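Here is what each chain is made of, one letter per residue.
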Amino acid sequence: MNAADVIAKFKSAGALLEGHFILSSGLHSPVYLQCAIALESTRSASEFGAALAQHFVGRQIETVASPAIGGIVIGYEVARQLGVRFVWTEREDGRMTLRRGFKISNGERVLVVEDVITTGGSTRETIDALVASGAEVVAAGSVIDRSGGRADVGVPHISLATLDVAAVFPKDCEACQRGEQAIEPGSRRTS
C-alpha cells in the first residue's frame, strides 16, 4: 500500500475533510482527518495494519502500544498482524499513563502506533509513559503524518502517508481573522 492508496481510502470513506477545524492539539487547520471513519471498515483497518506492520517485521517487537482513543483500532490491528500483545495509554489527571491493569516488563521492546500524527505530542507522551514503566520504545508508526515529516517523536517513525497540512495557533489562523467559525474537536459535523 503506497501513500496515494492511503489518501484515496481516506477520501473515499469521507474521512478527509476540508474547512476550518480546531484539532485536538488546539491548533487550527483547513484539513481534518476523521480516522474513525476510515477505520470503521474492518477491511481498511486490516489493510492499514498490515502495511504498517510490514515495516516492523523482524524488529523483535514484543508489544504494540497506542494512546487512547485515536490509535486503539490501528494499534490493535498492527499488534494482531505482528502476533504480539497490545496495550494502550490514557490520560489520567492530565498525564498520559499506561491503562490500569496493563504492565510492561523491564526492557520490553515496544512499538507505539497512532492513527494520525500532527505535532507528535500524544505519541511522545505515550513513549514517556512506557519508558517510565520500563519499556524500550524502539519505533513509532502512524497511518498518516500530517506534519509533513516535521513531528519529532524521539524514536524512528514511519507513516504510510505524509501530508504537509497547515496547523497553526489560533492567533495565527487566517480563517479566524476573516471571522470564519471553526469546527470544534469532537463535533458531529461531517461535511
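Residues numbered from 1 in each chain as written. Predicted model: local features only at pLDDT ≥ 70, side-chain atom pairs only at ≥ 80, totals over all residues. Heavy atoms only, no water.

## Structural notes on the overall build of the protein
Quick reminder of the rule: Under the DSSP-based scheme used, a helix requires at least four consecutive residues in state H or I and a strand at least two consecutive residues in state E, with every element numbered from the N terminus. This radius of gyration counts C-alpha atoms alone. The globule rule is 2.2 Å times how many residues there are, raised to the power 0.38. Think of it in three bands: with a 1.4 Å probe and only protein chains considered, a residue is buried below 20% of the maximum accessible area for its type, exposed above 50%, and partly exposed in between. Contacts are assigned to residue pairs that have any heavy atoms within 4.5 Å of one another. Working definition of accessibility: Shrake-Rupley area with a 1.4 Å probe, residue cover restricted to the visible protein chains. His residues and chain termini do not enter the charge count, which takes Lys and Arg as positive and Asp and Glu as negative. Every charge is mapped onto a representative atom, which is NZ of Lys, CZ of Arg, CG of Asp or CD of Glu.
Tallying secondary structure elements over the protein gives 6 helices and 8 strands in all. For the protein, the α and β elements follow one another from N to C terminus as α-β-β-α-α-β-α-β-β-β-α-β-β-α. In summary, the protein has a C-alpha radius of gyration of 16 Å against a globular reference of 16 Å for 191 residues, a match within 12%. By residue count, 46% of the 191 residues in the protein fall in the buried class. The long-range share in the protein, meaning contacts at least 24 apart out of those at least 6 apart in sequence, stands at 60%. When the accessible surface of the protein is summed, it comes to about 9700 Å², and 48% of that surface belongs to carbon and sulfur atoms. Separation of charge centres in the protein, based on 19 positive and 22 negative side chains, amounts to 3 Å.

## Regarding the sheet that holds strand β5 (residues 95–98)
Applicable threshold: Pairing between strands is defined by DSSP: at least two bridges between the two strands are required. Geometry is summarised by axes, namely lines fitted to C-alpha atoms with helices restricted to the contacting stretch, and by angles between N-to-C directions that run from 0 to 180 degrees.
Read across the sheet, 6 strands follow the order β5-β4-β3-β6-β7-β8 without closing on themselves; strand pairing throughout is mixed. Of all the strands in the sheet, the pair left with one neighbour each is β5 and β8 (157–162). Sheet twist, expressed as the mean angle between neighbouring strand axes with direction ignored, is 25 degrees. For strand β6 (residues 109–117) and strand β7 (residues 136–145), the ladder comprises 8 bridges, and the chain directions are parallel. Counted as the bridge partner of E114 is S142 from β7.

## Some words on unusual backbone geometry
The phi torsion at Q60 lies on the positive side, around 55 degrees, for a residue other than glycine. Tracing the sequence through the fold places Q60 in the loop between α3 (42–54) and β3 (63–67). Even without a glycine there, the phi angle at D93 is positive, about 55 degrees. Within the element layout of this structure, D93 appears in the loop between β4 (85–92) and β5. Residue D93 is classed as exposed on the basis of its relative accessible area, which comes to 81%.

## Considerations on the packing of α3 against helix α4 (residues 72–82)
Helix packing geometry: the angle between the two helix axes and the distance between the axes. Quick reminder of the rule: In this scheme, roughly parallel covers angles under 35 degrees and roughly antiparallel covers those over 145, while 65 to 115 is roughly perpendicular and the rest are oblique. Handedness of a crossing is defined here by the sense of rotation of the near helix relative to the far one, left-handed for an anticlockwise turn of less than a right angle and right-handed for a clockwise turn. Any residue that is not Ala, Val, Leu, Ile, Met, Phe, Trp, Tyr, Cys, Pro, Asp, Glu, Lys or Arg is counted as polar, Gly included; the first ten are nonpolar and the last four charged.
For the pair α3 and α4, interaxial distance at closest approach is 8 Å and the crossing angle is 60 degrees. Of the possible angle classes, the one that applies to α3 and α4 is oblique. Considering how the two elements wind past one another, α3 and α4 form a crossing that is right-handed. Note on element contacts: α4 touches α3 through V73, I74, E77, V78, R80, Q81 and L82, opposite A45, S46, F48, G49, A50, L52 and A53. Taken together, the residues of the contact of α3 with α4 break down into 9 nonpolar, 3 polar and 2 charged.

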